Amino acid sequence: MSLRPTVDFLLHDWLNVESLQSRERFADHSRETFDAVLDTCERIAREKYAPFNRLVDTQEPHFDGDKVILPQATHEAYKAYAESGMLSAAQDYEIGGMQLPYTVEAAANAFFAMASVSIGSGMLTSGNANLLMVHGTDLQKKVFAANEFSGRFSGTMCLSEPQAGSSLSDVMTRATPDGEGFESDALGPRYRLKGNKMWISSGEHELSENIIHLVLAKIPDANGQLVPGVKGISLFIVPKKLVDTQGQLTGERNDVALAGLNHKCGWRGTTNTLLNFGEGKYPVRGEAGAVGYLVGKPGEGLRCMFHMMNEARIGVGMAATMLGMAGYYASLDYAKNRPQGRPTGAGGKDASQPQVRIIEHADIKRMLLAQKAYSEGALALALYCARLVDEQHTGTAEDADVARLLLEVLTPIAKSFPSEWCLEANSLAIQIHGGYGYTRDFPVEQYWRDNRLNMIHEGTHGIQAMDLLGRKVLMENGRGLKLLAERMLATAAKAETAWAPEAAALRDAMKQVGQATQEAWAGAEPAQALANAVPYLQAFGHTVIAWIWLDVACSAASDDSPAAQGRRAACRYFYRYELPKIGAWLNVVSSRDPTCADLPEEAF
Ligand SMILES: Cc1cc2nc3c(=O)[nH]c(=O)nc-3n(C[C@H](O)[C@H](O)[C@H](O)COP(=O)(O)OP(=O)(O)OC[C@H]3O[C@@H](n4cnc5c(N)ncnc54)[C@H](O)[C@@H]3O)c2cc1C
């Protein structure tokens with residue numbers, strides 16, 4: 001079983017990605033160029049990532065007092081990825097990019113996430129550089145972004161602080177003007193930053209010549225006070241090593257110091273750091289304070305950062321998806337080879353017969369089909385979202401606007417559905433392995449540990465849920481939700497003949513979600529509406545994946561291959577075993593059930 005036929009089916013038979021060639025930006029591309037990118041990524045992932053996934057889990061990053069040491073395999077994977085050109089795949093030809101559609105880029109990156117999610121494929125680096133391409137000055141693009149695209153520098157995003165995780169309005173890192181003439185520095189208005197950033201992925205290592213931190217910090221007002229709320233947040237480029245206007249290292253270290261490495265449950269191949277900015281460990285020109293260059297305008301830091309966060313959320317969803325897929329393939333292989341038990345016939349079990357392989361048991365098939373339905377459904381959604389990103393960038397003004405709004409509504413699902421349900425898929429993969437799955441002799445326990453992170457970072461599950469119910473479905477008078485409903489209805493109409501019960505179930509689920517959305521907001525208190533935001537997210541996510549599966553099944557309708565049979569079965573599974581769950585989730589939303597919210601602390 002390999003991932004490639006599934007990716008090919010989704011890209012070509014379902015999303016018709018070749019149609020993008022008619023856009024001027026992608027005119028040089030063809031099925032051949034798309035295939036070449038996928039072939040290269042599949043090969044690098046197979047040769048440089050997959051064989052070392054366990055190694056990077058057991059040889060965690062460590063600090064020798066001077067440097068963070070990572071296994072040699074990580075250095076080689078980093079180099080191979082950078083040399084493949086994938087860091088700048090979607091960028092213009094003039095800056096060395098391939099002008100590749102994001103849909104193909106996302107599909108190609110899926111191979112790395114499945115082979116070794118924690119070796120990583122530069123999501124932070126390209127996300128960091130992409131942000132600078134939108135919000136940076138020409139020189140910031142040339143000095144920082146271009147060197148990130150080539151792999152010479154790598155990137156981070158520094159939002160979280162020990163006391164400010166979900167609540168970014170409480171960040172306390174301060175940025176003060178760096179002396180006279182601070183505004184006229186060629187690299188951008190120059191500030192000195194002081195503060196602590198917690199949980200920073202890839203915050204310290206020797207993989208690249210320099211690390212470009214994008215840091216959220218507050219500029220104090222005239223009284224030296226930090227402005228409360230997100231309006232006070234600005235964004236700064238803080239390089240680990242200072243550079244000149246040509247992007248060359250000046251030889252001076254910036255005042256950014258590693259305070260410690262976090263030792264994690266999973267995703268151990270990526271360093272995770274507590275960084276001290278401006279504590280004076282590496283004074284610059286005799287003074288404590290990390291030198292940072294303002295990006296965009298003061299007070300617009302979070303808005304700029306969202307550019308990176310939205311991409312990162314789809315990327316996190318894809319990572320969770322591919323971990324789910326990796327567990328599915330591993331447990332499928334195991335189930336085909338493990339003999340255990342005998343079938344129950346009319347006269348009971350016949351112990352004189354040889355044991356059967358566990359894939360012959362209905363309960364194992366149930367667990368395999370659940371994994372397939374969660375993971376392939378989530379992959380299809382991720383690629384659908386990626387296709388919307390291409391529409392947003394290259395479609396007509398009207399289509400681009402529709403794509404933008406659909407992405408607003410679907411991004412919390414693209415991040416959260418796989419984080420929850422592909423984690424569940426990994427749990428089922430362990431279950432299929434029996435006791436062996438619980439040991440380190442098989443890869444599935446690592447997939448589960450790696451996947452457990454995804455419900456936490458890039459906005460926790462709870463925060464995504466409140467974003468969906470509290471903002472996304474309401475924005476622009478609910479237009480995003482209406483646009484999504486139109487697409488779902490179009491799928492139901494297309495499915496009417498071959499998939500009548502599923503088409504009816506989808507319409508019914510949409511009605512239930514629509515009604516619950518209204519009833520959640522029918523009371524006067526936003527707190528009541530949002531108290532059950534997570535069950536709402538779960539029901540919404542299941543309805544979205546049901547829609548995606550029905551659409552995929554329509555494309556697999558006339559094909560008798562085992563792969564198409566499997567897709568149709570996964571669709572049926574989702575409608576019969578999963579979609580009915582939404583009733584229970586939506587009940588508490590509609591009634592604004594106060595069971596959890598009203599319980600006094602002492603009663604716990
Ligand atoms: C391995 C790892 C890598 C990371 N990488 C990065 C990185 O590169 N850059 C970066 O900036 N950050 C990074 N993070 C930080 C991550 O984004 C935060 O952990 C996350 O935002 C949650 O913040 P917190 O840990 O402070 O938890 P808290 O915000 O304290 O949340 C704890 C719990 O309370 C809930 N909660 C919080 N507020 C509310 C509310 N208002 N209503 C209801 N429930 C609420 C949350 O949903 C959560 O379940 C990383 C984290 C980890 C674990």
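Structure: above.
Summarised in this report is the structure supplied together with it. Values in this document were obtained by computation on a predicted structure and should not be read as measured data.

## Remarks on the overall build of the protein
Right, on to step 1. The helix and strand inventory of the protein stands at 18 helices and 12 strands.
Right, on to step 2. At 25 Å, the protein has a C-alpha radius of gyration in line with the 25 Å of a compact globule built from 604 residues.
Right, on to step 3. With respect to the three principal axes, the spread of C-alpha positions in the protein is 90 × 60 × 55 Å.
Right, on to step 4. The buried share among the 604 residues of the protein stands at 55%.
Right, on to step 5. Within the protein, contacts between residues separated by at least 24 positions form 75% of all contacts whose residues are at least 6 apart in sequence.
Right, on to step 6. Surface summary for the protein: the accessible area is close to 24800 Å², and the carbon and sulfur share equals 52%.
Right, on to step 7. Here the protein contributes 58 positive and 71 negative side-chain charges, whose respective centroids are spaced 3 Å apart.

## Concerning the site of the ligand
Right, on to step 1. Met157, Ser160, Ser166, Trp199 and Thr460 are the nearest of the 17 residues found near the ligand.
Right, on to step 2. Within the contact set of the ligand, a nitrogen atom lies 2.8 Å away from a side-chain nitrogen or oxygen of Ser160.
Right, on to step 3. Here Trp199 contributes a backbone N or O atom positioned 2.8 Å from a nitrogen atom of the ligand.
Right, on to step 4. When isolated, the ligand has an accessible area of 980 Å², and the protein chains bury 61% of it.
Right, on to step 5. Put simply, the parts of the chain that give the shell around the ligand at least two residues each are β3 (153-158) and β5 (190-201).

## A short note on helix α7 (residues 138-149)
Right, on to step 1. Of the positions making up α7, those classed as buried are Gln140, Val143, Phe144, Ala145, Asn147, Glu148 and Phe149.
Right, on to step 2. Considering only its buried residues, α7 is in contact with α6 (123-135), β3, β6 (210-218), β7 (233-239), β8 (241-243) and β12 (290-295).
Right, on to step 3. Trailing α7 by a residue or two, Gly151 shows a phi angle of about 90°, which is positive.

## Some details on the nonpolar core
Right, on to step 1. The biggest cluster of nonpolar side chains holds 137 residues, and the ones touching the most others in it are Phe540 and Val544.
Right, on to step 2. Discounting chain neighbours no more than four positions away, the residues touching Val544 are Leu381, Leu410, Ile413, Leu484 and Met488.
Right, on to step 3. Phe153, Ile212, Leu216 and Met309 belong to the second largest nonpolar core, which has 32 residues in total.

## Observations regarding the packing of helix α14 (residues 500-520) against helix α16 (residues 533-555)
Right, on to step 1. Orientation of α14 relative to α16, taken along the N-to-C sense of each, is 155°, at an axis distance of 10 Å. By the angle class used here, α14 and α16 are roughly antiparallel. Between α14 and α16 lies a crossing of left-handed hand. Across the interface between the two elements, Glu502, Ala503, Leu506, Ala509, Met510, Val513 and Thr517 of α14 pack against Tyr536, Ala539, Phe540, Thr543, Trp547 and Leu550 of α16.
Right, on to step 2. Among the residues forming the contact of α14 with α16, the class breakdown is 10 nonpolar, 2 polar and 1 charged.

## Overview of the packing of helix α10 (residues 397-432) against helix α13 (residues 475-495)
Right, on to step 1. Here α10 crosses α13 at 95°, and the two axes come no closer than 9 Å. Our classification of the angle between α10 and α13 gives roughly perpendicular. On the side of α10, the interface is formed by Asp401, Val402, Arg404, Leu405, Leu406, Glu408, Val409 and Leu410, while α13 contributes Met475, Glu476, Arg479, Gly480, Leu481, Leu483, Leu484 and Arg487.
Right, on to step 2. By residue class, the composition of the contact of α10 with α13 is 9 nonpolar, 1 polar and 6 charged.

## Things to note about the environment of Lys194
Right, on to step 1. Along the chain, Lys194 falls in strand β5.
Right, on to step 2. A relative accessible area of 44% means that Lys194 is categorised as partly exposed.
Right, on to step 3. In the structure, Lys194 is positioned 334 residues away from Gln528 in sequence and 39 Å away in space, judged by C-alpha atoms.
Right, on to step 4. Apart from the residues within four sequence positions on either side, Lys194 is in contact with Met172, Thr173, Arg174, Phe277, Gly278, Ala288 and Gly289.

## Section: helix α4 (residues 72-83)
Right, on to step 1. The terminal C-alpha atoms of α4 lie 17 Å apart, and with 12 residues this matches the ideal 16 Å at 1.5 Å per residue to within 8%.
Right, on to step 2. When α4 is considered as a whole, its buried residues turn out to be Ala73, Thr74, Ala77, Tyr78, Ala80, Tyr81 and Ala82.
Right, on to step 3. Elements in contact with the buried residues of α4: α2 (31-49), α3 (53-58), α5 (102-116) and β3.
Right, on to step 4. One or two steps after α4, the chain reaches Gly85, where phi turns positive at roughly 85°.

## Quick word on the packing of aromatic side chains
Right, on to step 1. Counted under the stated rule, the structure contains 17 aromatic pairs.
Right, on to step 2. Consider the rings of Tyr374 and Trp421, whose centres lie 5.5 Å apart with planes at 45°: the pair is tilted. Of the two residues, Tyr374 is situated in helix α9 (residues 362-394) and Trp421 in helix α10; the sequence distance between them amounts to 47 residues.
Right, on to step 3. With relative accessibility at 3%, the residue Tyr374 sits in the buried group.
Right, on to step 4. Among the residues examined, Trp421 registers a relative accessible area of 9% and is labelled buried.
Right, on to step 5. Through successive ring pairs, a cluster of aromatic residues spans Tyr374, Phe417, Trp421, Phe574 and Trp585.
Right, on to step 6. The side chain of Arg253 reaches across the aromatic face of Tyr282, ending 4.1 Å from its centre.
Right, on to step 7. Positioned above the aromatic ring of Phe9, the side-chain terminus of Arg567 is 3.8 Å from the ring centre.

## Side note on the pattern of salt bridges
Right, on to step 1. Enumeration over the complete set of coordinates arrives at 39 salt bridges.
Right, on to step 2. In this structure, Arg4 and Asp35 form a salt bridge, with 3.6 Å as the shortest nitrogen-oxygen distance. Linking Arg4 in helix α1 (residues 3-14) with Asp35 in helix α2, this pair joins segments that are 31 residues apart in sequence. Both residues of the pair, Arg4 and Asp35, count as buried.
Right, on to step 3. In this structure, Arg449 engages Glu445 in a salt bridge whose closest nitrogen and oxygen atoms are separated by 2.7 Å. Note that Arg449 and Glu445 are positioned in helix α11 (residues 444-451) at a spacing of 4 residues, about one turn of the helix.
Right, on to step 4. Taken together, the salt bridges that share partners define one network made up of Arg4, Asp8, Arg31, Asp35, Asp39 and Glu42.

Criteria and thresholds
Residues numbered from 1 in each chain as written. Predicted model: local features only at pLDDT ≥ 70, side-chain atom pairs only at ≥ 80, totals over all residues. Heavy atoms only, no water. Helix = DSSP H or I, 4+ residues; strand = E, 2+ residues; numbered from the N terminus. Rg over C-alpha atoms; globule rule 2.2 N^0.38 Å. Buried < 20%, exposed > 50% of the residue type's maximum accessible area, 1.4 Å probe, protein only. Contact = heavy atoms within 4.5 Å. Areas by Shrake-Rupley, 256 points an atom, 1.4 Å probe, with all protein chains shown as cover. Lys, Arg positive; Asp, Glu negative; His and termini not counted. Charge placed at Lys NZ, Arg CZ, Asp CG, Glu CD. Near = heavy atom within 4 Å. Polar contact = N/O pair within 3.5 Å; in protein donor to acceptor, adjacent residues only side chain to side chain. Core = buried A, V, L, I, M, F, W, Y, C linked by side-chain atoms within 4.5 Å. Axes fitted to C-alpha atoms, helices over the stretch in contact; angles between N-to-C directions. Parallel < 35°, antiparallel > 145°, perpendicular 65-115°, else oblique. Left-handed = near helix turned anticlockwise from the far one by under 90°. Nonpolar A, V, L, I, M, F, W, Y, C, P; charged D, E, K, R; others polar. Expected span 1.5 Å × (residues − 1). Phe/Tyr/Trp six-rings, centres within 6.5 Å; stacked < 30°, edge-to-face > 60°. Lys NZ or Arg CZ within 6 Å of the ring centre and 35° of its normal. Salt bridge = Lys/Arg side-chain N within 4 Å of Asp/Glu carboxyl O.

All quantities given are derived from atomic positions and should not be read as evidence of function.
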